[in-house]
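Fold and geometry: a report
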Amino acid sequence: MKPQLSSPRKRRIHSWPVRICHWINVLAMIGMVMSGWGIYNADPLFAFTFPQNTTLGGWLGGNIAWHLAVMWLLAANALFYLLWGIFSGHFRRDFFPFSPRAVWRDTVRALTFKLPHKPGQYNAVQKLMYSGVLLLGALLVLSGLSIWKPVQFSGLVWLFGGFGIARYVHFFAMSGVLLFVIIHVLMVLLVPKTFVAMLTGGKKMSTENHADE
């Protein structure tokens, strides 16, 4: 008798942990950004402030209260996602590998509207962006701790070069995350079916994945 070959395992485009963490993250980031803008307005770094109706909390004490409250939700969600991403193989399978050559190739394709969309498979630009936003998230956490508890985390403050510089790092890291969100939303508008997949999980597909060149 011929040995029976097992069929390749199937998985949805987006598994339930990815979808849950994604939507919790959306709500948490809105709260963090809006309350953070209120805190920024109390002591601006630059010659502008954010409109009061785009802030959360009403006054500095309220801004800080909201920022800290939402921070714990964001931290718990991020910790779950990181642990699941590492132990499930999600990061290794979906975010790596990618090369400068592949990033340049897919960037050119995207700018000329020739980048193919393969459900469940990230292109090199997406891999770079998702890896980068994880690093920005880590930078936000470390600089945020330095600003929140500069005495208790004096070592972190020193690594950033001082409390004032930590504030700039926090601001620019936040700006980088917002830039990622803007690009992410634009990509969703270009390929609307990706939005549905993030709600439903999308169709099941083979777990086989192809590495970038």
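Before going into details, it helps to say that this report is about the structure given with it. For every chain, the first residue of the written sequence is number 1, and numbering continues from 1 along that sequence. Residue-level local features of this predicted model are given only where pLDDT is at least 70; pairs of side-chain atoms are given and counted only at 80 or more, and the full residue set underlies all totals for whole chains, interfaces and linings. The side-chain quantities take in all heavy atoms of the structure and omit both hydrogens and water.

1. A look at helix α2 (residues 60–87)
Helical geometry note: an α-helix holds 3.6 residues per turn, so side chains three or four residues apart project in the same direction. Strands are runs of DSSP state E lasting at least 2 residues, helices are runs of H or I lasting at least 4, and numbering of each runs from the N terminus. Helix span, as expected, comes to 1.5 Å for every residue beyond the first. If you check α2, its first and last C-alpha atoms are 40 Å apart, about what 28 residues at 1.5 Å a residue would give, namely 40 Å. Working definition: with a 1.4 Å probe on protein chains only, accessible area under 20% of the residue-type maximum means buried, over 50% means exposed, and in between means partly exposed. Among the residues making up α2, those that are buried are Gly 62, Asn 63, His 67, Val 70, Met 71, Leu 74, Asn 77, Tyr 81 and Gly 85. In the segment just after α2, Gly 89 is the residue with positive phi, at about 85°.

2. Thoughts on the packing of aromatic side chains
Ring geometry is summarised as follows: Phe, Tyr and Trp rings, the Trp one being its six-membered ring, pair when their centres sit within 6.5 Å, and such pairs are stacked at plane angles under 30 degrees, edge-to-face over 60 and tilted between the two. Taken as a whole and assessed by the stated rule, the structure comprises 13 aromatic pairs. A ring pair is formed by Trp 37 and Phe 50, whose centres lie 4.3 Å apart and whose planes are at 5°; its orientation type is stacked. Placement of the pair is Trp 37 in helix α1 (residues 16–42) and Phe 50 in the loop between α1 and α2, with a sequence separation of 13 residues. We classify Phe 50 as buried; its relative accessible area is 15%. Where Tyr 130 meets Phe 180, the ring centres are 5.6 Å apart and the plane angle is 70°; that geometry is what we call edge-to-face.

3. Side note on the packing of helix α5 (residues 124–148) against helix α7 (residues 163–190)
In this analysis, axes come from line fits to C-alpha atoms, helices being fitted only over the stretch in contact, and the angle between any two N-to-C directions falls in the range 0 to 180 degrees. Remark: α5 packs on α7, axes separated minimally by 8 Å, with the N-to-C direction vectors making an angle of 150°. With respect to α7, the axis of α5 lies roughly antiparallel. Relative to α7, the crossing made by α5 is left-handed. Every residue of α7 that contacts α5 at Met 129, Tyr 130, Val 133, Leu 136, Leu 139, Leu 140, Ser 143, Gly 144, Ser 146 and Ile 147 is listed here: Phe 163, Ala 166, Arg 167, Val 169, His 170, Ala 173, Met 174, Gly 176, Val 177, Phe 180, Ile 183 and His 184. Note on residue classes: Ala, Val, Leu, Ile, Met, Phe, Trp, Tyr, Cys and Pro are nonpolar, Asp, Glu, Lys and Arg are charged, and everything else, Gly too, is polar. For the contact of α5 with α7, the residue count by class is 15 nonpolar, six polar and one charged. Between 65 and 115 degrees an angle is taken as roughly perpendicular, under 35 as roughly parallel, over 145 as roughly antiparallel, and anywhere else as oblique. If you view the pair so one helix is near and one far, a crossing is left-handed when the near helix is turned anticlockwise from the far one by less than a right angle, and right-handed when it is turned clockwise. Contact between two residues is taken to exist if any of their heavy atoms lie within 4.5 Å; hydrogens are not considered.

4. Some points on the nonpolar core
Throughout this description, the term nonpolar core refers to a set of buried Ala, Val, Leu, Ile, Met, Phe, Trp, Tyr and Cys residues connected via side-chain atoms within 4.5 Å. Formed by 19 residues in total, the largest nonpolar core has its most connected members in Tyr 81, Phe 95 and Phe 171. If you list the elements that add at least two residues to this core, you get α1, α3 (90–95), α5 and α7. Each residue touching Phe 95, except ones within four places of it in the same chain, is listed here: Tyr 81, His 90, Tyr 122, Lys 127, Tyr 130, Ser 131 and Leu 134. In this structure, Ala 28, Val 70, Met 71 and Leu 74 belong to the second largest nonpolar core, which totals five residues.

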